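Chains, contacts and geometry: an overview
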Amino acid sequence: LLRRMASRAGAAAVPAPPTLLDPWTRLTESYVPRPYAGRLTLLQTRAARPRAASGWTTLGPQVEIHPIPGGHLSCITTFIDDTARALGAAIESHR
């Protein structure tokens, strides 16, 4: 609320206090994946944006996309059994 009020008043932005996630955030934001020559498997939730997988296809020549139910968190909570089956099938297909 204070940041919003300061912003409306034209004051300089109030920096957020540091958190424990700051180092992780810096690392993940600066990470640039390298191309991979092998086969990639992507378990993509059906709630994901339709083009969410397009970034993965630039990393390797073979990207298998397996749709799984749920969203980012519900795929490992509510739909964990479906996710586990899809992961198991993906692992078996790579043997």
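Residues numbered from 1 in each chain as written. Predicted model: local features only at pLDDT ≥ 70, side-chain atom pairs only at ≥ 80, totals over all residues. Heavy atoms only, no water.

1. Section: the overall build of the protein chain
Counting its secondary structure elements, the protein chain contains four helices and two strands. Taken from the N to the C terminus, the helices and strands of the protein chain come in the order α-α-β-α-β-α. Within the span of the protein chain, comprising 95 residues, buried residues form 17% of the whole. Restricting the contact set of the protein chain to residue pairs at least 6 apart, pairs at least 24 apart contribute 41%. Carbon and sulfur atoms form 62% of the exposed surface of the protein chain, whose accessible area is close to 7,900 Å². (Helix = DSSP H or I, 4+ residues; strand = E, 2+ residues; numbered from the N terminus. Buried < 20%, exposed > 50% of the residue type's maximum accessible area, 1.4 Å probe, protein only. Contact = heavy atoms within 4.5 Å. Areas by Shrake-Rupley, 256 points an atom, 1.4 Å probe, with all protein chains shown as cover.)

2. A few points about the environment of Leu43
Position of Leu43 relative to the elements: it lies in strand 1 (residues 39–45). A C-alpha to C-alpha distance of 6.1 Å links Leu43 and Ile65, two positions 22 residues apart in sequence. Leave out the neighbours within four places in its chain, and Leu43 touches His66, Ile68, Thr83, Ala86 and Leu87.

3. Some points on the pattern of salt bridges
Here the structure, examined in full by the defined rule, presents three salt bridges. Of the charged contacts, one joins Asp82 and Arg85 as a salt bridge, the two residues approaching to 3.0 Å between their closest N and O atoms. Here Asp82 pairs with Arg85, and both are found in helix 4 (residues 80–93), just three residues apart, close to one helical turn. Relative accessible area serves as the criterion here: at 30%, Asp82 is assigned to the partly exposed category. The exposure class of Arg85 is exposed, given its relative accessible area of 55%. (Salt bridge = Lys/Arg side-chain N within 4 Å of Asp/Glu carboxyl O.)

4. Re the side chain of Thr83
Tracing the backbone shows Thr83 in helix 4. In this structure Thr83 touches Leu43, Ile68 and Cys75, once residues within four positions along its chain are discounted.

Nothing here speaks to function; it is geometry throughout.
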